[in-house]
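# Working through the structure, step by step
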Amino acid sequence: MPGSIPSLPAVRPKARVLIVDDNAELVDTLRAVIAGGIPGLAIETAANGRAALARAAKGFDVAIVDVKLPDVSGVDLIRPLREASPFSEVLLLTGFASVDAAIGALRSGAFAFVLKSFRPEELISTVEQALGKVQLKREREELESRYRDLVEVTDVLVFALDNDDKVALMNRKAASMVNTVPEAASGKPFLETWIPEEDRAAMRAALAGTGRAYEVETGFADPSVGTTARRRIRWHLSRPPRSEERALTYGIGIDITERRALERRAADAEALSAMGELAMNLAHEIRNPLNAAVLQLHLLNRNLDRLDAEELTRAALKDRVRIVGDEIGRLNRLLTEFLELARPRGIGREPVHVPRLVDEVLDLEEESAKGRGVKIVRDIPNGGCVALGDREKLKQVTINIVVNALEAMKQGGVLTASVKQSGEKVVMTIQDSGQGIEPDVLASVFDPFFTTKEAGTGLGLSIVRKIVDQHGGDVVIESERGHGARVTVSIPMGR
Ligand code: ADP
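Residues numbered from 1 in each chain as written. Predicted model: local features only at pLDDT ≥ 70, side-chain atom pairs only at ≥ 80, totals over all residues. Heavy atoms only, no water.

## Digging into the nonpolar core
Counting 48 residues, the largest nonpolar core has Val358, Leu362, Val397, Ile401, Leu415, Ile430 and Val489 as its most contacted members. When residues no more than four places from it in sequence are discounted, the contact partners of Val358 are Ile380, Thr398, Ala417, Val419 and Met428. Ranked by size, the runner-up nonpolar core spans 23 residues in total, among them Val17, Val27, Ala112 and Val127. (Core = buried A, V, L, I, M, F, W, Y, C linked by side-chain atoms within 4.5 Å. Buried < 20%, exposed > 50% of the residue type's maximum accessible area, 1.4 Å probe, protein only. Contact = heavy atoms within 4.5 Å.)

## Re the site of the ligand
Neighbouring residues of the ligand: 18 residues in total, closest Asn404, Thr451, Thr452, Lys453 and Gly458. For the ligand, an oxygen atom lies 2.4 Å from a polar atom in the side chain of Thr452. For the ligand, an oxygen atom lies 2.8 Å from a polar atom in the backbone of Leu461. Taking 540 Å² as the accessible area of the ligand by itself, protein coverage stands at 93%. Sorting the residues of the shell around the ligand by element identifies helix H13 (391-407) and helix H15 (460-470) as the ones contributing at least two each. Grouping the amino acids of the shell around the ligand by side-chain chemistry returns eight nonpolar, eight polar and two charged. (Near = heavy atom within 4 Å. Polar contact = N/O pair within 3.5 Å; in protein donor to acceptor, adjacent residues only side chain to side chain. Areas by Shrake-Rupley, 256 points an atom, 1.4 Å probe, with all protein chains shown as cover. Helix = DSSP H or I, 4+ residues; strand = E, 2+ residues; numbered from the N terminus. Nonpolar A, V, L, I, M, F, W, Y, C, P; charged D, E, K, R; others polar.)

## A word on empty space enclosed by the protein
Inspection of the entire model under this criterion finds two cavities of 30 Å³ or more. When its volume is computed, the largest cavity comes out at roughly 80 Å³. If you trace the largest cavity, you find it lined by Val352, Val354, Leu357, Leu394, Val397, Thr398, Val426, Met428, Val489 and Ile491. Sort the elements by how many residues they give to the lining of the largest cavity and H13 lands first, with three residues. (1 Å grid on protein atoms, 1.4 Å probe; cavity = no way out; pocket = protein on both sides within 12 Å on 5 of 7 lines; lining within 4 Å. Points joined across faces, edges and corners; volume = space filled by probe spheres on them.)

None of this, on its own, says anything about what the molecule does.
Here it is as structure tokens:
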């Protein structure tokens, strides 16, 4: 019963003793002795097996049962009686003492046997012992059930493994993380089922190592889900002492997936800013010779025009020059974009009229759109929609998104650009009717250097995200395969 913790009963009910014997006189004696020796008992009686079972169904703690009953053997009554009332104990009453009788009684599940020629204090002591055992078992069960409930309501993952590293217990939280339920997890090999292969050696070492407490970090996942959905768990293990062969190893786990992701992002940012400095120095070193090369190409091209050669030869040479020029252009673009991403520069904060800015970018790309057979639809208001930010950078954002949209429409299509105000934000949406983005690609489009294009740099959307982040805004990209993509950027108006 997860989610509820039973409270201890405020008053413990009276201990109940059931005497089962058809000899009324003996029953009276037994009742008198026990009631006299153990105060506060509730004592009931039954003259045969059938009546005994009917009474037992209402619950009892200790039954004293004659071996010889009119309808059944007392020995055969032990099991149904104990089943009727959990944790109960049965004392067998016999007429003669022999080792065989004693062994037989204990084998059949009796707590002890009592001779009909009992001494009162002996009987009292035996009944007291049996009651003590029942009481202990009840308390233990109560404690265990409270622990079980705690384990279920807690937010940490809990498991217990047997000697073969098979699951003896797994709480609901842990089970649901691997798409199962505790009952189904029970008995499964823990490592092989849920610990990813690369982490198994570490987990195995932690489980087998010396010392009782141990910490280890592993992935934890339903093997049928992708690696991106895996959680990282920090486990604290408590192993049984070596002397206890059959004891369980307990593990408590805390989900540290988000913490690790944050650490990784911080490390990425640090690496990027370290790279920024390096990149800026490199840019100077590379840009100058590149510019010189562009100049030389230009001259070469002019000289080719004047060259006294066959037209065919000249055309072939000029083609080569063009290819070199294109490649240098690509290098230059990569350099510029990389610098944009890596440079730790602040942003300006001025009122930016977003509709005007989007109009400008669309005018700029109009030719390129025409060349591709793309129709541009503008849903752009005249006034309002002024965001606070860096005009040049927001223009860069718009260019990158519009260029991606155009490049996605190889067979022509429609590009719809809209700008509107929503609450305290200016929202720009660029929608295309291109090939769309596959779901597994969609997860990576903002990663630096991720590209699916032959001549792509994979930096366009990283730059978009960085600039939008700097403005305290949001960028979302949505797509359905074959139905184009939609990029939505919202920038605070910052009033
Ligand atoms: P690049 O354009 O150099 O590849 P980006 O960071 O701008 O770099 O884009 C990364 C990837 O995202 C692209 O290679 C492409 O696969 C995908 N992508 C971005 N925009 C679109 C779009 N409008 N339609 C389809 N795919 C897109």
